[in-house]
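# Descriptive structure summary
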Amino acid sequence: MSLPIFVLNGPNLNLLGVREPHIYGSTTLADIEASCRALAGELGYDLVFRQTNHEGELIEWVQEARTAASALVINPAGYGHTSVALLDALKNVPGPIVECHLSNPAQRESFRHHTYVSLAATGVVAGFGADSYAVAIRAAVAVLRR
Ligand code: CA2
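I will try to describe carefully the structure that is included in this document. (Residues numbered from 1 in each chain as written. Predicted model: local features only at pLDDT ≥ 70, side-chain atom pairs only at ≥ 80, totals over all residues. Heavy atoms only, no water.)

### Section: the overall build of the protein
Counted only if it meets this: Starting at the N terminus, helices and strands are each numbered in turn, a helix being any DSSP run of H or I of at least four residues and a strand any DSSP run of E of at least two. As defined in this context, the radius of gyration uses C-alpha atoms, and a globule is described by 2.2 Å times the residue total to the power 0.38.
The number of helices and strands found in the protein is six helices and five strands. Reading the protein from its N end, one meets helices and strands in the order β-α-α-β-α-β-α-α-β-β-α. In terms of C-alpha radius of gyration, the protein reaches 14 Å, essentially the compact-globule figure of 15 Å for 146 residues. If one aligns the C-alpha atoms of the protein with their principal axes, the spans along those axes are about 40 × 30 × 25 Å.

Written out as structure tokens, the structure is:
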């Protein structure tokens with residue numbers, strides 16, 4: 001059996017579906033987890049799905065993914081734009097890394113146009129709302145099957 005796919009979520013994503021639905025939609029993070037779990041199962045993988053509001057905890061989980069994950073999908077949320085420490089952790093993950101965003105940061109404020117995470121990511125999926133996660137998982141599995 002392969003190692004699971006890790007889907008890690010950064011700060012404030014626990015508010016999905018509760019606040020700012022005009023930007024992030026009405027789907028909750030629990031809804032996204034359920035659909036990711038179903039898709040991963042169809043593709044033959046277990047799923048580890050987590051969210052944290054704490055930078056250090058996110059970094060601990062990325063370090064865990066080095067040896068415990070087949071692939072990593074990460075929505076770093078605000079930390080993507082700020083955290084060199086998160087980038088440093090991601091650079092040590094050997095498998096595919098897919099950076100995932102609900103919105104398209106390139107269409108938003110200029111401070112969202114750069115993410116440190118992109119420097120370590122295999123690829124980026126952004127702008128498809130909750131569907132970004134499914135596209136990201138499919139992309140990660142496509143890389144694993146190469
Ligand atoms: O579009 C995305 O997925 C983002 O990663 C979301 C981050 C933002 O800082 C990035 O630029 C793009 C913000 C996550 C906050 O999520 C909320 C959800 C509902 C209500 C309030 C915040």
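### Quick notes on the site of the ligand
Rules: Only heavy atoms are used to decide nearness, and a residue is near a molecule or strand if one of them lies within 4 Å of it. Polar contacts, as used here, are pairs of N or O atoms within 3.5 Å; protein pairs need one atom able to donate a hydrogen and one able to accept it. Residues neighboring in sequence count only if both atoms are side-chain atoms. With a 1 Å grid spanning the protein atoms alone, the term cavity applies to any set of points in which a 1.4 Å probe fits but cannot get out, the term pocket to an open set with protein on both sides within 12 Å along at least five of seven lines, and the term lining residue to any residue with an atom within 4 Å of a point. To decide whether a molecule occupies a pocket or cavity, check its atoms: if more than half lie within 2 Å of the grid points, it is inside. Here the term charged refers only to Asp, Glu, Lys and Arg, the term nonpolar to Ala, Val, Leu, Ile, Met, Phe, Trp, Tyr, Cys and Pro, and the term polar to all other amino acids, Gly among them.
The environment of the ligand is formed by 16 residues, the closest being Asn-75, His-81, Leu-102, Ser-103 and Arg-112. The contact in question runs from an oxygen atom of the ligand to an N or O atom on the side chain of His-101, over 2.9 Å. Between an oxygen atom of the ligand and a main-chain N or O atom of Leu-102, the distance comes to 2.8 Å. Comparing atom positions with the cavity grids shows the ligand to sit within the largest pocket. Classifying every residue of the shell around the ligand by side-chain character gives seven nonpolar, six polar and three charged.

### Some points on the sheet that holds strand 5 (residues 123-126)
Put simply, the test is: By the convention used here, strands pair only if DSSP detects at least 2 bridges between them. Where helices are involved, their axes are fitted lines through C-alpha atoms of the stretch in contact, as for all axes, and angles between N-to-C directions lie from 0 to 180°.
Taken in spatial order, the five strands make up an open sheet running 2-1-3-4-5, and their pairing is parallel. One side of each edge strand has no neighbouring strand; the edge strands of this open sheet are strand 2 (47-51) and strand 5. Adjacent strand axes in the sheet meet at a mean angle of 15° when their direction is disregarded. As paired strands, strand 1 (residues 5-9) and strand 2 are joined by five bridges and run parallel to one another. From the neighbouring strand, Val-7 faces strand 2, where its bridge partner is Phe-49.

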